Amino acid sequence: SAVISQKPSRDICQRGTSLTIQCQVDSQVTMMFWYRQQPGQSLTLIATANQGSEATYESGFVIDKFPISRPNLTFSTLTVSNMSPEDSSIYLCSVRTGGYGYTFGSGTRLTVV
Amino acid sequence: AQSVTQPDIHITVSEGASLELRCNYSYGATPYLFWYVQSPGQGLQLLLKYFSGDTLVQGIKGFEAEFKRSQSSFNLRKPSVHWSDAAEYFCAVARTGGSQGNLIFGKGTKLSVKP
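Residues numbered from 1 in each chain as written. Chains lettered and ligands numbered in written order. Predicted model: local features only at pLDDT ≥ 70, side-chain atom pairs only at ≥ 80, totals over all residues. Heavy atoms only, no water.

Participant: Looking at this structure, how should I read the overall build of chain A?
Facilitator: The helix and strand tally for chain A stands at 0 helices and 11 strands. When the elements of chain A are put in sequence order from the N terminus, they spell out β-β-β-β-β-β-β-β-β-β-β. Against the globule reference of 13 Å for 113 residues, chain A gives a C-alpha radius of gyration of 13 Å, in line with a compact fold. Along the first, second and third principal axes, the C-alpha set of chain A runs to 40 × 25 × 20 Å. Here chain A holds 113 residues, and the buried ones make up 53% of them. Accessible surface for chain A amounts to roughly 5,200 Å². Of this, 47% is attributable to carbon and sulfur atoms. (Helix = DSSP H or I, 4+ residues; strand = E, 2+ residues; numbered from the N terminus. Rg over C-alpha atoms; globule rule 2.2 N^0.38 Å. Buried < 20%, exposed > 50% of the residue type's maximum accessible area, 1.4 Å probe, protein only. Areas by Shrake-Rupley, 256 points an atom, 1.4 Å probe, with all protein chains shown as cover.)

Okay, here's the thing in structure tokens:
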């Protein structure tokens, strides 16, 4: 299965600023996903980032707030823009490999103050 | 659309007791089902998964789950719980069709273990 390196692992940011989260995969994968896990909650899909196409956002998430880049088959970034305290969450990237095998990054714990 | 329901938000069991965490799914065809565990401050760890075949699936850490199509369920079980099993447990189903392929998660069940 793939191995994902996600950075940063945690950050404390001022409201109104932006944070870019990176995910590096050790193999080429087509499907990559970004999730948000709000405190005490489950994982909610933000968007699907397939290489070669624009990211597909789920209802309630917009590109201006969560721009995503997917320049190649091993790398993606998620930016959380113009942050507010409500954006304090864990953000996780995930890839699908070999049919229905899923690997998750270790997550980025974001606190907005 | 696929969905997952975990009816129990929080369960407390005594150490050494048996455990069953409930999961119901909504999907017309044969679903791809997963159970994950998340310990406090930790990432997600896959416990087991079901795609097809034998409906009783064995996983890591002594966990097993049984797929019951007639009940649209995929309940997680463990015969004897250890204190280290205290964590959040998520049931998930794979989204299929088109370019979508993510997992859809239930809301999770928090497991507390009494000494």
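Participant: I keep staring at the interface of chain A and chain B and nothing clicks. Help me out?
Facilitator: How big an interface is tends to be stated in terms of the accessible area lost upon association of its parts. Facing 17 residues of chain A, the contacting portion of chain B comprises 20 residues. Note on chain A versus chain B: buried area summed over both sides is about 1,500 Å², and carbon and sulfur give 57% of it. Counting across the chain A and chain B interface gives 1 salt bridge. Note that Glu58 of chain A and Arg95 of chain B form a salt bridge whose closest N and O atoms lie 3.2 Å from each other. Inspection of the chain A/chain B interface yields 5 residue pairs in polar contact (both at pLDDT 80 or more). For the side of chain A that touches chain B, the elements supplying multiple residues, two or more each, are β4 (31–37), β5 (43–48) and β10 (101–104) of chain A. No other element matches the 4 residues that β4 of chain A contributes to the side of chain A that touches chain B. Its residues placed into classes, the side of chain A that touches chain B shows 8 nonpolar, 6 polar and 3 charged. (Contact = heavy atoms within 4.5 Å. Buried area = accessible area lost by both parts, 1.4 Å probe. Salt bridge = Lys/Arg side-chain N within 4 Å of Asp/Glu carboxyl O. Polar contact = N/O pair within 3.5 Å; in protein donor to acceptor, adjacent residues only side chain to side chain. Nonpolar A, V, L, I, M, F, W, Y, C, P; charged D, E, K, R; others polar.)

Participant: I'm lost on the sheet that holds strand β7 (residues 68–72) of chain A in this one. Help?
Facilitator: Consider a sheet: its strands pair through backbone hydrogen bonds, and that pairing is either parallel or antiparallel. Residue and element names in this part refer to chain A. Read from one edge of the open sheet, 4 strands run β1-β3-β8-β7, paired in antiparallel fashion. Across the chains shown, the open sheet's two edge strands, defined by having one partner strand only, are β1 (4–7) and β7. Strand after strand, the sheet turns through a mean of 15° between neighbouring axes, direction not considered. Across 3 bridges, the pairing between β7 and strand β8 (residues 75–80) is antiparallel. Each bridged residue has a counterpart across the sheet, and for Ile68 the counterpart in β8 is Leu78. (Pairing = 2+ DSSP bridges. Axes fitted to C-alpha atoms, helices over the stretch in contact; angles between N-to-C directions.)

Participant: Explain the state of the cysteines to me, please; I cannot follow it from the model alone.
Facilitator: This structure, assessed with the given rule, holds 2 disulfides over all chains. The side chain of Cys23 of chain B participates in a disulfide bridge whose partner is Cys91 of chain B; the two sulfur atoms lie 2.0 Å from each other. Between Cys23 of chain B and Cys91 of chain B, the S-S dihedral sits near -65°, and the bridge is therefore left-handed. With Cys23 of chain B in the loop between β3 (19–21) and β4 (24–26) and Cys91 of chain B in strand β10 (residues 87–94), this residue pair connects regions lying 68 residues apart in the sequence. Overall, the relative accessible area of 0% leaves Cys91 of chain B in the buried class. Note on Cys13 of chain A: no disulfide assigned, nearest cysteine sulfur contributed by Cys23 of chain A at a separation of 16 Å. (Disulfide = S-S within 2.5 Å.)

Participant: Just to check I follow, could you spell out the packing of aromatic side chains for this structure?
Facilitator: Two aromatic rings, taken as a pair, are described by how far apart their centres are and by the angle between their planes. If you walk through the whole model with that rule in mind, you get 19 aromatic pairs over all chains. With centroids separated by 5.7 Å and ring planes inclined at 85°, the aromatic side chains of Tyr35 of chain A and Phe105 of chain B adopt a geometry described as edge-to-face. Of the two residues, Tyr35 of chain A sits in strand β4 while Phe105 of chain B sits in strand β11 (residues 103–105), which places them in two different chains. A relative accessible area of 0% places Tyr35 of chain A in the buried class. Centre to centre, the rings of Tyr102 of chain A and Phe34 of chain B are 5.5 Å apart; their planes meet at 85°, and the pair counts as edge-to-face. Here the residue Tyr102 of chain A occupies a position in strand β10, and Phe34 of chain B occupies one in strand β5 (residues 33–38), the pair thus bridging two chains. (Phe/Tyr/Trp six-rings, centres within 6.5 Å; stacked < 30°, edge-to-face > 60°.)

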